[in-house]
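# Understanding the architecture of this molecule
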Amino acid sequence: MDYVFFAFSAICVSMVLVMSSLIRKPGHRRIRLGVILASIILGIGYYYFDVYVSNLSLLAYYFANMMPQVVLLILLAVALSRSRKQ
């Protein structure tokens, strides 16, 4: 069951990269191919990193699973606040 959480965290890491590229250029709504490829590579790498960290300690396991969702939530809040200002 933990591998489902690892995969969700990896998807969140990929979405963080995509959202940060969209926030960086607010008028530019197209996502470049390089950003998509980098987010896929980063997501796969984070999945295997999460599998590795889960064997180290319980605290590192919880921290590694929690941080991508928190960062994605913050980026979504920033994106929504910027869209309301425009």
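Residues numbered from 1 in each chain as written. Predicted model: local features only at pLDDT ≥ 70, side-chain atom pairs only at ≥ 80, totals over all residues. Heavy atoms only, no water.

## Side note on the overall build of the protein
In terms of helices and strands, the protein carries three helices and zero strands. Helices and strands appear in the protein in the N-to-C order α-α-α. The 86 residues of the protein split such that 29% are buried. For the protein, long-range pairs separated by at least 24 residues make up 70% of all intrachain contacts whose partners lie at least 6 apart in sequence. Here the protein has roughly 6,200 Å² of accessible surface; of this, 73% comes from carbon and sulfur atoms. (Helix = DSSP H or I, 4+ residues; strand = E, 2+ residues; numbered from the N terminus. Buried < 20%, exposed > 50% of the residue type's maximum accessible area, 1.4 Å probe, protein only. Contact = heavy atoms within 4.5 Å. Areas by Shrake-Rupley, 256 points an atom, 1.4 Å probe, with all protein chains shown as cover.)

## Focus: the packing of helix H1 (residues 2-24) against helix H2 (residues 33-54)
At a closest axis distance of 8 Å, the pairing of H1 and H2 adopts a crossing angle of 145 degrees. Between H1 and H2 the crossing geometry is right-handed. Between H1 and H2, the residues in contact are Tyr-3, Phe-6, Ala-7, Ser-9, Ala-10, Val-13, Ser-14, Leu-17, Val-18 and Ser-21 and Val-35, Ala-38, Ser-39, Leu-42, Gly-43, Tyr-46, Tyr-47, Asp-50, Val-51 and Ser-54, respectively. Residues that form the contact of H1 with H2 fall into these classes: 13 nonpolar, six polar and one charged. (Axes fitted to C-alpha atoms, helices over the stretch in contact; angles between N-to-C directions. Left-handed = near helix turned anticlockwise from the far one by under 90°. Nonpolar A, V, L, I, M, F, W, Y, C, P; charged D, E, K, R; others polar.)

## Comments concerning the nonpolar core
In this structure, Cys-12, Val-16, Met-19, Ile-23, Leu-72 and Leu-75 together form the largest nonpolar core, which totals six residues. Mapped onto this core, the elements with two or more residues apiece are H1 and helix H3 (58-85). Among the elements that take part in this core, H1 stands out by supplying four residues, more than any other. Ignoring any residue separated from it by four or fewer positions in sequence, one finds Cys-12 in contact with Pro-68, Gln-69 and Leu-72. (Core = buried A, V, L, I, M, F, W, Y, C linked by side-chain atoms within 4.5 Å.)

## Let's talk about the environment of Tyr-48
Its location among the elements puts Tyr-48 in helix H2. Between the alpha carbons of Tyr-48 and Ala-10 there is a distance of 9.0 Å; along the sequence they are 38 residues apart.

## Regarding H2
In this model, H2 (22 residues) spans 32 Å end to end at C-alpha, consistent with the 32 Å of a helix rising 1.5 Å per residue. When we look at burial in H2, the residues that qualify are Val-35, Ser-39, Gly-43, Tyr-46, Asp-50, Val-51 and Val-53. The buried side chains of H2 occupy one side of the element, clustering within an arc of 165 degrees when seen end-on. Exposed residues lying more than 90 degrees from the buried face of H2 are Leu-33, Ile-41, Tyr-48 and Tyr-52. On its buried face, H2 sits against H1 and H3. (Expected span 1.5 Å × (residues − 1). Arc of directions from axis to C-beta.)

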